[in-house]
Amino acid sequence: MRPFLLVNSALTCNKVQDSMQYALLVTGSPYQTKACHSALKFLKAALLNPQHTPIGVFFYEEAVLIGNALSQPPRDEFDLRKEWAELAKAHHIPLYLCIAASVRRGIVNETESKRYELSQHSLAEGFQLEGLGTLVELMNTTSKLIQFR
Amino acid sequence: MNNTLIHLSSSPFSSLSCKEGLDLALVLATFEQPVDLCLSGAAIALLYSGQNPNQTDGKHLYKLLDGLTFYDIENVYVEANNGLIRESDIWPNYQALDTPSWHALFSQYQHVFRF
């Protein structure tokens, strides 16, 4: 399976001349695929080029598992969630998790925890829950949207 | 305004992919974004009538097909020679594309998402 799939080429000439604004859509599980790893590598490489301006990352389907604060990788293994959170914080890139996909998979913030009358919440720091409308907004405000699945 | 193609290739019953792809299509349509669907591989099972999933199988996605038109989702494409399309017992409102048209389909959209 290909690690990622380039899906959008809605280029706007003016935007390309100034800087390439784009967003990432990650749908592959952090455990069953390398989608989250590939997207992270891509983002790190893109940030080296000042003409590239990533304005957000949207996690959907199984990829929302990246935002589970309760998952703990073995100490001698790569901490993918921590890497994502640190990179996003350093570059002020919002990390959105689809709220419906997240709640279904047990990733809830404080608000959702109260709504469902749960005793705890599990959303990792650096991530935020948003509806699919946020993805639509990203699609309409960027030159490219790139899916990793 | 962007036009979007949602490509469903996963079985409607083996994972949530098909459902979550349809969810995205409906949200896009709700935001008045032009969206079409295309189906290949195991996702074509979505079109088979006579499905009777129980609660453990997940939602009855076939029932959603007739509601697509209310979201202004008018185009549901499949490749004509895929070997999975039955002659009967199938949702009738899909459009079969010959192989060249199927291949050309994917370059006609600004966004293509695969589920």
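Predicted model only: the values in this text are computed from it and were never measured.

Novice: Describe in detail the packing of aromatic side chains, supporting the description with residues and values.
Specialist: Going through the model one piece at a time under the given rule, you end up with 7 aromatic pairs over all chains. Considering the side-chain rings of A:Tyr60 and B:Phe115, the 5.8 Å spacing of their centres and the 80° angle between planes classify their relative orientation as edge-to-face. In this pair, A:Tyr60 is assigned in the loop between β2 (52-59) and α3 (80-91) and B:Phe115 in the segment after β5 (111-114), connecting two distinct chains. Here the two residues A:Tyr60 and B:Phe115 agree in accessibility, since each one is buried. An aromatic cluster is defined as three or more aromatic residues linked by ring pairs; in this entry it consists of A:Tyr22, A:Phe42 and A:Phe148.

Novice: Could you give an account of helix α2 (residues 35-47) of chain A, naming the residues involved and the relevant values?
Specialist: Residue and element names in this part refer to chain A. Relative to the 18 Å expected for 13 residues at 1.5 Å per residue, α2 spans 18 Å between its end C-alpha atoms, a close match to the ideal helical length. Turning to α2, its buried residues number three or more, namely Ala-35, Cys-36, His-37, Ser-38, Ala-39, Leu-40, Leu-43 and Ala-46. Of the surrounding secondary structure, the elements contacted by the buried residues of α2 are β1 (20-26), β2, α3 and β5 (144-148).

Novice: Let's hear about the sheet that holds strand β4 (residues 127-130) of chain A: which residues, and what values?
Specialist: All names here are of chain A. A sheet is described by the order of its strands in space; here 5 strands give the open sequence β4-β3-β2-β1-β5, paired in parallel fashion. Each edge of the open sheet carries a strand with a single partner, namely β4 and β5. Averaged over neighbouring strand pairs, the angle between their axes works out to 30° when direction is ignored. Judged from the 3 bridges that link them, β2 and strand β3 (residues 95-98) form a sheet pairing that is parallel.

Novice: Could you give me a rundown of the sheet that holds strand β1 (residues 4-8) of chain B, with the residues and numbers involved?
Specialist: Sheets are built from strands that pair by backbone hydrogen bonding, the pairs being arranged parallel or antiparallel. All names here are of chain B. Overall, parallel pairing links the 5 strands, which are arranged β4-β3-β2-β1-β5 in an open sheet. In this open sheet, the two edge strands, each paired with only one partner strand, are β4 (95-97) and β5. The mean angle between the axes of side-by-side strands here comes to 25°, regardless of whether they run parallel or antiparallel.

Novice: Outline the environment of A:Pro30, listing residues and values.
Specialist: Residues and elements named next belong to chain A. Along the chain, the position of Pro-30 falls in the loop between β1 and α2. Along the backbone, Pro-30 and Leu-65 are 35 residues apart, and their C-alpha atoms lie at a distance of 6.8 Å. When neighbours within four sequence positions are excluded, Pro-30 is seen to be in contact with Cys-36, His-37, Glu-62, Ala-63, Leu-65, Ile-66 and Leu-80.

Novice: Got a sec to walk through the nonpolar core? Specific residues and values, please.
Specialist: Among the nonpolar cores identified, the biggest contains 72 residues, and A:Phe59, A:Trp84, A:Phe127, B:Ile6 and B:Leu39 are the most heavily contacted of them. Counting residues per element, this core draws most heavily on helix α1 (residues 17-30) of chain B, which supplies 7 residues. Setting aside chain neighbours within four positions, we find B:Ile6 in contact with B:Gly21, B:Leu24, B:Ala25, B:Leu28, B:Val35, B:Asp36, B:Leu37, B:Cys38, B:Phe113 and B:Phe115. B:Leu5, B:Trp102, B:Leu105 and B:Tyr109 belong to the second largest nonpolar core, which has 8 residues in total.

Novice: Tell me what's going on with the packing of helix α6 (residues 132-141) of chain A against α1(B), and back it up with residues and numbers.
Specialist: At a closest axis distance of 10 Å, the pairing of α6(A) and α1(B) adopts a crossing angle of 65°. When the axes of α6(A) and α1(B) are compared, the pair comes out roughly perpendicular. The two elements α6(A) and α1(B) meet at a crossing, and its hand is right-handed. The segment α6(A) lies against α1(B), with A:Leu132, A:Gly133, A:Leu135, A:Val136 and A:Met139 engaging B:Asp23, B:Leu24, B:Val27 and B:Leu28. Each residue belonging to the contact of α6(A) with α1(B) can be placed in one class, and the counts come to 7 nonpolar, 1 polar and 1 charged.

Novice: So what's going on with the interface of chain A and chain B? Which residues, and what values?
Specialist: Between chain A and chain B, the residue contacts involve 20 residues of the former and 19 residues of the latter. Buried surface at the junction of chain A and chain B, summed over both partners, amounts to about 1,700 Å²; 57% is from carbon and sulfur atoms. Counting the surface chain A buries against chain B, the share from its top three residues, A:Tyr60, A:Glu61 and A:Met139, is 28%. For the pair chain A and chain B, the interface holds 1 salt bridge.

Novice: Could you give an account of unusual backbone geometry, with specific residues and numbers?
Specialist: Residues other than glycine seldom take positive phi values, yet A:His92 does so here, at roughly 55°. Inspection of the secondary structure puts A:His92 in the loop between α3 and β3. A:His92 gets classed as exposed once you look at its relative accessible area, which sits at 70%. Look at B:Glu32: it is not a glycine, yet its phi comes out positive at around 60°. Judged by its relative accessible area of 62%, B:Glu32 is exposed.

Rules and cut-offs
Position labels on residues start from 1 in each chain and follow its written sequence. Here chains are named by letter from A upward and ligands by number from 1 upward, in the order in which they appear as written. Given that the model is predicted, a residue must reach a pLDDT of at least 70 before its local features are reported, and side-chain atom pairs must reach 80 or more before they are shown or counted; all residues, however, enter totals for whole chains, interfaces and linings. With hydrogens and water set aside, each side-chain value is computed from the structure's full complement of heavy atoms. Aromatic pairs are defined between Phe, Tyr and Trp rings, using the six-membered ring for Trp, whenever the two ring centres lie within 6.5 Å; interplanar angles under 30 degrees are classed as stacked, those over 60 as edge-to-face, and all others as tilted. Runs of H or I in DSSP of at least four residues are treated as helices and runs of E of at least two as strands, each being numbered from the N terminus. For the exposure calls, accessible area comes from a 1.4 Å probe over protein chains only, and a residue counts as buried if that area is under 20% of its type's maximum, exposed if over 50%, partly exposed in between. Multiplying 1.5 Å by the residue count of a helix minus one yields the expected span of that helix. Residue contacts are counted whenever heavy atoms from the two residues lie within 4.5 Å of one another. When DSSP finds two or more bridges between two strands, those strands count as paired. Angles here are taken between N-to-C directions and fall from 0 to 180 degrees, while the axes themselves are lines fitted to C-alpha atoms, restricted in helices to the stretch in contact. Only buried Ala, Val, Leu, Ile, Met, Phe, Trp, Tyr and Cys residues count toward a nonpolar core, and they belong to the same one when joined by side-chain atoms within 4.5 Å. In these notes the angle categories are as follows: under 35 degrees is roughly parallel, over 145 is roughly antiparallel, 65 to 115 is roughly perpendicular, and the rest is oblique. What makes a crossing left-handed is the near helix being turned counterclockwise from the far one by less than a right angle; a clockwise turn instead makes it right-handed. Polar here means any residue outside two lists: the nonpolar Ala, Val, Leu, Ile, Met, Phe, Trp, Tyr, Cys and Pro, and the charged Asp, Glu, Lys and Arg; Gly therefore counts as polar. Buried area: the accessible area, evaluated with a 1.4 Å probe, that two parts lose upon being put together, summed over both parts. By convention in these notes, a salt bridge is any Lys or Arg side-chain nitrogen within 4 Å of a carboxyl oxygen on Asp or Glu.

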